[in-house]
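# Residue-level structural notes
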Amino acid sequence: MHSLAKAVAPNGYTARLMLAFLATAGFFYVNLMPAIVSGLINGLGFSNQDAGFIGSLNIYGAAFGAFAAIFIIRKIQWKPVALFLLVVLIAMDGFSMLIDQELTMMIMRSVHGFVGGLLVGISFAVIARTEDPHKTFGMLLFVQFGLGGLGVMLLPPLVPIMGSWILFASLIAFCVISLIMLQFLPDYPVQIRDPKQIIAPVQKRPLGFAIFSVFLFQAANMALYAYIIDLGEVAGLNLDSTISPALGVSAWLGLAGSGFVVLMGAKFGRTLPILGGILITAAATFALHYSFHEWVFWLANILVGITWAFSIAYLLGVCSEFDKAGQMAALGGFASKMGLASGPMFAAFIVADSDYGQLITIATVLLIAAAFISLYPSRILDQQSANESI
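Residues numbered from 1 in each chain as written. Predicted model: local features only at pLDDT ≥ 70, side-chain atom pairs only at ≥ 80, totals over all residues. Heavy atoms only, no water.

Turning our attention to the nonpolar core. By size, the foremost hydrophobic cluster in this structure holds 123 residues, and its most contacted members are Y29, W78 and L185. The element contributing the most residues to this core is helix 9 (residues 204-225), with eleven residues. Once you skip the residues sitting within four places of it in the chain, L185 turns out to touch A7, A15, M18, L19, L22, W78 and K79. (Core = buried A, V, L, I, M, F, W, Y, C linked by side-chain atoms within 4.5 Å. Buried < 20%, exposed > 50% of the residue type's maximum accessible area, 1.4 Å probe, protein only. Helix = DSSP H or I, 4+ residues; strand = E, 2+ residues; numbered from the N terminus. Contact = heavy atoms within 4.5 Å.)

Structure (structure tokens):
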């Protein structure tokens, strides 16, 4: 795509911010999931179950879209394709404002998810072509947690006043901003690697454990997160004064969780940080049984916000370390999205009558299982690191 706009420096912070927006545009609804599920329930009168299904189908579509991107990224000119996908997302979010039927919304958001997932997959591949891509992923977390926190704080109180269309309007606004930024991004051509390079074989068994742990961890967290607004309201908490501020603050503090990972790295190994992070997540999740205490709801959400970002960063890192070529890291990302999609789908069958006690208990058990499943792959990596340092 030949743009009249002058491209920014390919590895500068401005380019990293623009790439972060582009990668977030197709998946931003995940960061707004509590607001969207609550908005579908309160704004359109959808049932708890149908609202959860819609959220899940949106993410399932994204998972398969991101997976499909792996097979096309080397065969396409990414900028014209990204432009086309952004326009399609804007159109589909616009049409979503007009829908008031559950089945139609499910179909629309499934296709929307696939298109958005394609955009995310293409964006991730482009980010991998930058120098120090971890810096760009750090910017990506900043955009997702920062703006996601703002969204879950501001949008839910607006739905009763303005209607559910405001949710889709916010997604359109994000895509429009990304569309403008796209004009200033350089081309980032594919870097040809040496075909003679020797690559160590993938360690499939521990990788499988790591990927399963990622799936369980993400599913358990999103099962509750998708319904956290309704859970708080059922517990008797006020949306404007307690629920939305608590969710916004916890999302922003997720930045601290990812920051801890950057600072710590593998200094203390992987086993203890992962085990500690997930078990704290499980304890905070179980505490949601006592959400009728305002301070418990605040503390539980803040702890989950920090440890969710902290733990998933380590878990995805473990997945990537079992494949020196970096190819299976994409599979870890796919497992993450499948978990994020499966959580609300699973929860929808349980919370049809707004009984959240059983869901909280099951999510806690799944988190504990994820922690202990992660022990096998993380200990293998720690032992390998110890042997290499001798």
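Next comes the rest of the description.
So, about the pattern of salt bridges. Enumeration according to the criterion identifies two salt bridges in this entry. A salt bridge links R109 to D93; the nearest nitrogen and oxygen atoms lie 2.9 Å apart. Here the residue R109 occupies a position in helix 6 (residues 102-127), and D93 occupies one in helix 5 (residues 78-96), the gap between them amounting to 16 residues. The pair formed by R109 and D93 is uniform in burial state, with each residue classed as buried. Among the salt bridges present, the one from D382 reaches R270, with a minimum N-O distance of 2.9 Å. With a gap of 112 residues between them, D382 in helix 16 (residues 375-389) and R270 in the loop between helix 11 (239-264) and helix 12 (271-287) connect regions that are remote in the sequence. Looking at R270, the relative accessible area reads 7%, which means it is buried. (Salt bridge = Lys/Arg side-chain N within 4 Å of Asp/Glu carboxyl O.)

The subject of this paragraph is helix 1 (residues 13-25). Across its 13 residues, helix 1 extends 18 Å between first and last C-alpha, which sits within 8% of the 18 Å expected from 1.5 Å per residue. With ten of 13 residues buried, helix 1 lies mostly within the body of the structure. Along helix 1, the positions that sit buried rather than exposed are A15, R16, M18, L19, A20, F21, L22, A23, T24 and A25. (Expected span 1.5 Å × (residues − 1).)

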